[in-house]
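Now for the letters of each chain:
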Amino acid sequence: MRVLTPRPSLVGLPKPALAEALRETGLSSYRVSQVYRWLYVRGARDFDGMTDLSRRDRATLAERFSLARPCVSNARLSADGARKWLLRLADGGEVETVYIPETDRGTLCISSQIGCTLTCRFCHTGTQRLVRNLDAGEILGQIMHARDVFGEWSGRAVPLADRGRHVSNIVLMGMGEPLYNFDNVKAAMAVATDGDGLAISKRRITLSTAGVVPMMDRCGEEIGVNLAVSLHAVTDELRDELVPLNRKYPLKELMAACRRYPTASNVRRITFEYVMLAGVNDSPGEARALARLLAGIPAKVNLIPFNPWPGSPYTCSTPEVIERFVDILAAAGYTSPVRTPRGRDILAACGQLRSESRRPNARERREAEQTRDKAVLEDAR
Ligand code: SAH
């Protein structure tokens, strides 16, 4: 009996890895570059369309490889314009990707793992049991999917001044801890930032970590994108409880790694994320302690109103308490925008992502179709 093994997808391979994968086909390095550009500049979905390759080359490629990428299993549109896509992966696993339109930019929030191993007390993703790393194609595929939706593939590599794009900025702030999946994140970001690839400037990409200290140095040196750190507490005692990873890498080590981070200059400051939990971490004393903790680091603080999820053990600080916190930080010289929750109605806001690895029932499938139709209509406008 002949066993059909799925052809490996080329999506996600950086240029050198693509050359390696295609070596057995005998394609010249010039041809490899052409394939690379078809993949990441034009977003080709099949080899047939690669019209500047010979028929024979196209047939050889199609015989051995695929261009498979994650496909949509559910699309939801928030009343505030945010979108959430549930993407189905080749093995049936699922991840969520969120798009947040703003007046001056469009930010795509991508996931790096299915689920997460960190179990931060306030985060929904941490309650998901099934966890695995996404491969580079699955990480990159999320950005490629958004380019499909907005029709943002071009014939030529787009210059770095990309303000006009729907997807102008990327944040690695979806499901998972990106620095626990370093190699795949690095490969995906290499293609995303390559001028001959997706051509997104490193300055428009931010990686958020809960503080995997040894990988933070490597992130700065080898990936070179902006860094965001999920701080959330100013004492080890509280941070141990909220972000259990702190027991392994306590505040002193975390802050030292931030001071070393190579992009930490005044032009590219590190973002410190701080979730506002009523009565837990939102006192004036904690705001002052936060300012002291950041002293000497080119930093900005991003205050995130806590986003509840079914069964979550916390509530969000009141607007007055958040305002007081902002004022204290401002007096100490730190601008601290409060992140407007987006897509709360579709559980797309920070910390609300959680994919179920099960088949949807008939009602959910119908709903999915309706929201998909709505999103398509919206796109067509
Ligand atoms: N593991 C990485 C990437 C996740 S980013 C990290 O921890 O940084 C998601 C951001 O949303 C993090 O700052 C996270 O702490 C925050 N977050 C998680 N749950 C939240 C919630 N319920 N409300 C608001 N922010 C939350």
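In what follows, the accompanying structure is described. (Residues numbered from 1 in each chain as written. Predicted model: local features only at pLDDT ≥ 70, side-chain atom pairs only at ≥ 80, totals over all residues. Heavy atoms only, no water.)

A few points about the packing of aromatic side chains
- Within the structure shown, the criterion is met by 5 aromatic pairs.
- Considering the side-chain rings of Y36 and Y40, the 5.0 Å spacing of their centres and the 75 degrees angle between planes classify their relative orientation as edge-to-face. Note that Y36 and Y40 are positioned in helix α2 (residues 29–40) at a spacing of 4 residues, about one turn of the helix.
- Residue classification places Y36 among the buried positions, given a relative accessible area of 1%.
- Within the aromatic cluster, the residues linked to one another by ring pairs are W85, Y99 and F150.
- Lying over the aromatic face of W38, R42 brings its terminal NZ or CZ to 4.5 Å of the ring centre.
- Over the aromatic face of W153 sits the side chain of R147, whose NZ or CZ is 5.7 Å from the ring centroid. (Phe/Tyr/Trp six-rings, centres within 6.5 Å; stacked < 30°, edge-to-face > 60°. Helix = DSSP H or I, 4+ residues; strand = E, 2+ residues; numbered from the N terminus. Buried < 20%, exposed > 50% of the residue type's maximum accessible area, 1.4 Å probe, protein only. Lys NZ or Arg CZ within 6 Å of the ring centre and 35° of its normal.)

Description of the nonpolar core
- Membership of the largest hydrophobic core comes to 104 residues, with the highest contact counts inside it found for F122, M189 and F272.
- With residues near it in sequence (within four places) discarded, F122 still touches H232, L242, V243, V275, L277, F306, W309 and Y314.
- Core analysis: the next-biggest nonpolar cluster, separate from the first, contains 8 residues, V98, I100, V171 and A348 among them. (Core = buried A, V, L, I, M, F, W, Y, C linked by side-chain atoms within 4.5 Å. Contact = heavy atoms within 4.5 Å.)

Some details on the pairing of strand β1 (residues 71–77)
- Taken together, the 6 bridges between β1 and strand β2 (residues 83–88) define a ladder with antiparallel strand orientation. By the bridge assignment, N74 is partnered in β2 with L86. (Pairing = 2+ DSSP bridges.)

Some thoughts on the sheet that holds strand β11 (residues 299–305)
- Spatially, 9 strands are ordered β1-β2-β3-β4-β7-β8-β9-β10-β11 in an open sheet, and the strand pairing comes out mixed. Two strands close off the open sheet at either side, each with one partner strand: β1 and β11. Averaged over all pairs of adjacent strands, the angle between strand axes in this sheet comes to 20 degrees, irrespective of strand direction.
- The pairing of strand β3 (residues 94–101) with strand β4 (residues 106–109) spans 4 bridges and is classified as antiparallel. The residue of β4 that forms the bridge with Y99 is L108.
- Across the sheet, helix α4 (residues 136–150) touches β1, β2, β3, β4 and β7 (169–172), and the angle it forms with β2 is around 120 degrees.
- Contacting β10 (270–276) and β11, helix α10 (residues 319–331) crosses the sheet at an angle of about 175 degrees to β11. (Axes fitted to C-alpha atoms, helices over the stretch in contact; angles between N-to-C directions.)

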